[in-house]
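# Topology and contacts: notes
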Amino acid sequence: MPHATLIKVRGYHLDVYQHVNNARYLEFLEEARWDYLEAVGDIEHFEQLGLAWVIVNININYRAQATMGHQLRIDTAFTQINGKSAVIKQKIWLHGTDTLVADADITFVCLDKKTGRAVLIDGPLKERLAARLESF
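Below is a summary of the structure that appears in this document.

Cut-offs and rules
Residues numbered from 1 in each chain as written. Predicted model: local features only at pLDDT ≥ 70, side-chain atom pairs only at ≥ 80, totals over all residues. Heavy atoms only, no water. Buried < 20%, exposed > 50% of the residue type's maximum accessible area, 1.4 Å probe, protein only. Helix = DSSP H or I, 4+ residues; strand = E, 2+ residues; numbered from the N terminus. Pairing = 2+ DSSP bridges. Expected span 1.5 Å × (residues − 1). Contact = heavy atoms within 4.5 Å. Polar contact = N/O pair within 3.5 Å; in protein donor to acceptor, adjacent residues only side chain to side chain. Phe/Tyr/Trp six-rings, centres within 6.5 Å; stacked < 30°, edge-to-face > 60°.

A few words now on the pairing of strand 4 (residues 85–94). Among the 10 residues that make up strand 4, 10 are buried, leaving the element largely enclosed by the rest of the structure. Side chains Ser 85, Val 87, Lys 89, Lys 91 and Trp 93 project from strand 4 onto one buried face, and the interleaved Ala 86, Ile 88, Gln 90, Ile 92 and Leu 94 project onto a second face that is buried too. With nine bridges joining them, strand 3 (residues 71–81) and strand 4 adopt antiparallel strand pairing. Looking across to strand 4, one finds that Ala 77 is bridged to Lys 89. Following strand 3, the chain reverses through three residues before pairing antiparallel with strand 4. Alignment of strand 4 against strand 5 (residues 100–112), held across nine bridges, turns out to be antiparallel. The residue of strand 5 that forms the bridge with Ala 86 is Phe 108. Counting the residues between successive antiparallel strands, the hairpin from strand 4 to strand 5 contains five residues, one of them, Gly 96, with a positive phi of roughly 85°.

What follows is the structure in structure tokens.
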């Protein structure tokens, strides 16, 4: 089951059209990814290994508007593991409804913080991520 994060839309999230500005959705998605990584212990784990996740691509689809006062639920899960990259899928819903506000695929590389180079996702690292693969 994907990890869920709730975010309430505030006035400072809105643009001149009084709906959430497209750039704010990227911030919401980032907040939800941090929440997810904290919940599963990946932040500490990757720090101990000297590794970091670095975004190399974001594909986002905007489906419906959100306005002030809306509660958003952001579902987050790893959906794909490649050689040196992995994909996290995120969906933003109007909480308590079946209205999809946005969805995104975020591609990361696993970076060795000492060398600044992407590393192969294999062995225990791949096993850790594979245990949480979801399709949604």
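Now for helix 1 (residues 22–39). In this model, helix 1 (18 residues) spans 26 Å end to end at C-alpha, consistent with the 26 Å of a helix rising 1.5 Å per residue. Of all the positions in helix 1, only Tyr 25, Phe 28, Leu 29, Ala 32, Arg 33, Tyr 36 and Leu 37 are classed as buried. Tucked inside the fold, the buried residues of helix 1 contact strand 1 (3–8), helix 2 (42–49), strand 2 (51–62), strand 3, strand 4 and strand 5. A distance of 2.9 Å separates the backbone nitrogen of Ala 23 from a side-chain oxygen at the start of helix 1, and that oxygen is part of Asn 21. Downstream of helix 1 by a residue or two, Gly 41 has a phi angle that is positive, lying close to 80°.

Attention shifts here to the packing of aromatic side chains. Applying the stated criterion to the full structure yields six aromatic pairs. Relative to Phe 28, the ring of Tyr 25 lies with its centre 6.0 Å away and its plane at 85°, an arrangement referred to as edge-to-face. Residue Tyr 25 and its partner Phe 28 are located together in helix 1, separated by three residues, close to a single helical turn. Here Tyr 25 falls in the buried class, since its relative accessible area comes to 4%. With centroids separated by 5.9 Å and ring planes inclined at 50°, the aromatic side chains of Trp 53 and Phe 78 adopt a geometry described as tilted. Separated by 25 residues along the polypeptide, Trp 53 in strand 2 and Phe 78 in strand 3 bring together distant segments of the chain. Taken individually, Trp 53 and Phe 78 each receive the classification buried, so the pair is uniform in this respect.

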